[in-house]
Amino acid sequence: MPRMKSDPSPDAVFGHGFAEVIDSFDWDSTVDNVDRATIEDVDAVLKKASSSSGLLSPEDLGILISPAASSRLEEMAVLSKSITDRRFGKTISLYIPMYVGNACTNKCVYCGFNHDNDFSRTILSPEQIEEECKSIKELGPFQNLLLVAGEYPALCGVDYLEKVLATCRPYFHNLTLEVQPMKAAHYKRLTESGLNGVVCFQETYNKKAYPKYHPKGMKSHFDWRLNGFDRMGEAGLHKIGLGALLGLEDWRGEAVMLGRHLRYLQKKYWRSRFSINFPRLRPSESGFKPNFIVSDRDIVQLSCAFRIFDPDIDISFSTREDPRFRDSIIGLGVTSLSAGSKTEPGGYSHPHEALEQFEVSDSRTPREVEAAIRSRGYDPVWKDWDALFD
């Protein structure tokens, strides 16, 4: 049935980007190529990475995350640590998320904020947000704040987000958003209100499988979401964060597609910095079970491979991961950790009054995370951006 004029495709209105490029890559062939990699292929890529022959290709990344490369994980870890320490020093940046709203128009089958889940929705007022800011400051000297909201443009659109940024700016030097994808003009407008960066997850790069996880809501538009990163670049954002939700589809296919996406963005929007996150599915109100199990060893291999693939990207791990794993990954590529996270709106000043997006696995206080970082011989960094740079 032809699309009605009153319901235009978002990308027909707002332009194109990587969504046009991704169609040139076949998902099944991508996964098959990774699975066919040999130990000789792995050794050749590691030799290339240790030389001065330049950045690796996404195909090289696929070899480093292949089953064959698992037997070279120790060598990869040593190389990853060397690259990370040389590029970033022995430091780990700390940030904290603030959930400002759990209202959402999407019906993502794996998410606790699913529109069909029957619970009271919360959107924080500026007064409540300021209360949250003060409570966070009591936990530690955070300057990096990640502001998170469900995707509900009518209630949490650009006007609301401007007020959020204005409220938080006196308390934090670095403000990042994780909200619904927006127009380039809206991103630009928010940078003028103090926004430093945006984090967005494509969730899965498997275009054919995407609709079964996102059946309704604006998020059901695969191309619109994927091209959101182009709109961030066009707006001149200082930092762009991307990733896939591991557990929906084959994680190795996601990683190669993510590598292709990163290279595309770096070439086209070279003025922006980029970060990568590897969130694994966690239990939530949705009750959704992962289709693919991603082990701790898989995540270590993925982190090391991405660090070898690109020495300059930030690699972040959230409190989705448990304390033991987060401590062990320090020194193996990671450059940023969240600490003390609450995933419900108002969770710092009034805990347990709203529904969480997912269960937190690392419930340690920020000071306990700081001590764990120091015990590994690394320095925690609470601030790596100054408001004077805005």
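Residues numbered from 1 in each chain as written. Predicted model: local features only at pLDDT ≥ 70, side-chain atom pairs only at ≥ 80, totals over all residues. Heavy atoms only, no water.

1. Remarks on the environment of Ala69
Which entries qualify depends on this criterion: Numbering goes from the N terminus for both helices and strands, where a helix is a DSSP run of H or I of at least four residues and a strand is a run of E of at least two. The contact definition used throughout considers only heavy atoms, calling two residues in contact when any of these lie within 4.5 Å.
Among the secondary structure elements, Ala69 is positioned in the loop between α5 (58–64) and α6 (73–88). The sequence separation of Ala69 and Val31 amounts to 38 residues, and the corresponding C-alpha distance is 15 Å. Here Ala69 is in contact with Val42, Ile63, Leu64, Met76 and Gln301, once residues within four sequence places are set aside.

2. What about the pattern of salt bridges?
Rules: Put simply, a salt bridge is a Lys or Arg side-chain nitrogen that is within 4 Å of an Asp or Glu carboxyl oxygen. Partly exposed describes any residue whose relative accessible area lies between the buried limit of under 20% and the exposed limit of over 50%, with all areas from a 1.4 Å probe on protein chains only and scaled to the type maximum.
A full pass over the atoms with the stated rule returns 27 salt bridges. As a salt-bridge pair, Lys207 and Asp223 come within 3.3 Å of each other at their nearest N and O atoms. On the criterion of sequence distance, the pair formed by Lys207 in the loop between β4 (197–203) and α11 (210–213) and Asp223 in helix α12 (residues 222–226) is long-range, its members being 16 residues apart. The partly exposed category is assigned to Lys207, whose relative accessible area is 31%.

3. Considerations on the packing of aromatic side chains
We apply this condition: Note on aromatic contacts: the rings of Phe and Tyr and the six-membered ring of Trp form a pair at centre separations within 6.5 Å, being stacked when their planes are under 30 degrees apart, edge-to-face when over 60 apart, and tilted otherwise.
According to the stated counting rule, one finds seven aromatic pairs in the structure shown. Ring centres 5.1 Å apart and planes at 50 degrees place the aromatic pair Phe18 and Tyr264 in the tilted group. Of the two residues, Phe18 sits in helix α2 (residues 18–22) while Tyr264 sits in helix α14 (residues 251–268), which places them 246 residues apart along the sequence. On the basis of relative accessible area, Tyr264 is assigned to the buried category, the value being 16%. Each ring, one from Tyr210 and one from Phe222, has its centre 5.0 Å from the other, and the planes form 85 degrees; the classification is edge-to-face. Remark: Phe222 occurs in helix α12 and Tyr210 occurs in helix α11; sequence separation between them is 12 residues.

4. Brief notes about a negative patch on the surface
Condition: Each patch groups residues whose relative accessible area exceeds 30% and which form no salt bridge, using 9 Å between like charges and 5 Å between nonpolar side chains of Val, Leu, Ile, Met, Phe, Trp and Tyr. All accessible areas in this document rest on Shrake-Rupley with a 1.4 Å probe, and a residue is counted as covered only by the protein chains that are shown. When charges are counted, neither His nor the chain ends are considered; positive counts come from Lys and Arg and negative counts from Asp and Glu. All charge positions are set by atom: Lys at NZ, Arg at CZ, Asp at CG, Glu at CD.
A grouping of Asp26, Asp28, Asp32 and Asp35 is seen on the molecular surface, where their side chains present a negatively charged patch. Within the secondary structure, Asp28 sits in helix α3 (residues 27–35).

5. Comments concerning the nonpolar core
What counts here: Put simply, buried Ala, Val, Leu, Ile, Met, Phe, Trp, Tyr and Cys residues joined by side-chain atoms within 4.5 Å make one nonpolar core.
By size, the foremost hydrophobic cluster in this structure holds 101 residues, and its most contacted members are Cys168, Phe278 and Phe306. In this structure, Cys168 is in contact with Met98, Ile129, Cys133, Leu145, Leu147 and Leu175, ignoring residues within four places of it in sequence. By size, the runner-up hydrophobic cluster in this structure holds 16 residues, among which are Phe113, Val199, Tyr213 and Leu248.

6. As for the packing of helix α9 (residues 158–168) against helix α10 (residues 184–191)
Here is the rule: Every angle, taken between N-to-C directions, lies between 0 and 180 degrees, and every axis is a line fitted to C-alpha atoms, over only the stretch in contact when it is a helix. Any angle that falls under 35 degrees is termed roughly parallel, while one over 145 is termed roughly antiparallel, one within 65 to 115 roughly perpendicular, and all others oblique. The crossing is said to be left-handed when, going from far helix to near helix, the turn is anticlockwise and less than a right angle, and right-handed when the turn is clockwise. Under this grouping Gly is polar, as are all residues other than the nonpolar Ala, Val, Leu, Ile, Met, Phe, Trp, Tyr, Cys and Pro and the charged Asp, Glu, Lys and Arg.
Two elements in contact, α9 and α10, have axes separated by 10 Å at closest approach and are oriented at 20 degrees. For the element pair α9 / α10, the angle class is roughly parallel. Where α9 crosses over α10, the handedness of that crossing is right-handed. Here α9 contributes Val158, Asp159, Leu161, Glu162 and Leu165 to the contact with α10, which in turn contributes His186, Arg189 and Leu190. Classifying every residue of the contact of α9 with α10 gives four nonpolar, one polar and three charged.

7. Some details on the environment of Met182
Residue position: Met182 is located in the loop between β3 (174–178) and α10. The class for Met182 is buried, based on a relative accessible area of 5%. Through-space distance from the C-alpha of Met182 to that of Asn227 is 9.9 Å; in sequence the pair is 45 residues apart. With sequence-adjacent residues up to four places away left out, Met182 is seen in contact with Leu161, Tyr187, Leu190, Trp224 and Arg231.

8. Focus: unusual backbone geometry
Glycine aside, the phi torsion of most residues is negative, and most peptide linkages are trans. With a phi close to 75 degrees, Glu203 is a non-glycine residue in the positive phi region. Locating Glu203 in the fold gives a position in strand β4. Since its relative accessible area comes to 8%, Glu203 is described here as buried.

9. With respect to the packing of α14 against helix α15 (residues 296–309)
Contact pair α14 / α15: the axes reach a minimum separation of 12 Å and the direction vectors enclose 20 degrees. Here α14 is positioned roughly parallel relative to α15, judged by the angle of their axes. The crossing of α14 and α15 is right-handed. Across the interface between the two elements, Trp251, Arg252, Ala255, Leu258, Gly259, Leu262 and Arg263 from α14 touch Asp298, Gln301, Leu302, Phe306 and Phe309 from α15.

10. Remarks on the pairing of strand β5 (residues 239–244)
To keep things clear, this is the line we draw: By definition, two strands form a pair when at least two bridges between them are found by DSSP. If the strands point away from the viewer and the path from the first strand over the helix to the second runs clockwise, then the crossover is right-handed.
Across the six residues of β5, five count as buried, placing the element largely inside the fold. As paired elements, β4 and β5 share six bridges and run parallel to each other. In the strand pairing of β5, Gly197 is matched with Lys239. Bridging between β5 and strand β6 (residues 273–277) involves five bridges; their strand directions are parallel. The residue bridging Ile240 from the neighbouring strand is Phe274, located in β6. After leaving β5, the chain enters α14 and then returns to the sheet as β6, a path that is right-handed.

11. Points about α6
Filter applied, for reference: Helices are assigned an expected span. That span is 1.5 Å times one less than the residue count.
The first and last C-alpha atoms of α6 sit 22 Å apart over 16 residues, in line with the 22 Å expected at 1.5 Å per residue. Among the residues of α6, Leu73, Met76, Ala77, Leu79, Ser80, Ile83, Thr84, Asp85 and Phe88 are the ones counted as buried. For α6, the elements touching its buried residues are α4 (39–50), α5, β1 (91–101), α15 and β7 (314–317). Just past α6, the residue Gly89 takes up positive phi, approximately 75 degrees.

12. Section: the side chain of Arg364
Let me state the cut-off plainly: We define a polar contact as two N or O atoms separated by no more than 3.5 Å, with the added condition that, inside protein, one atom must be a possible hydrogen donor and the other a possible acceptor, whereas residues neighbouring each other in sequence contribute only through side-chain atom pairs.
Within the secondary structure layout, Arg364 lies in the loop between β8 (336–338) and α17 (366–375). In this structure the side chain of Arg364 is engaged in a polar contact, spanning 3.1 Å, whose partner is the side chain of Asp327. In this structure the side chain of Arg364 is engaged in a polar contact, spanning 2.8 Å, whose partner is the side chain of Asp362. Not counting residues within four places of it along the chain, the set of residues in contact with Arg364 comprises Pro323, Arg326, Asp327, Gly340, Val369 and Ala372.

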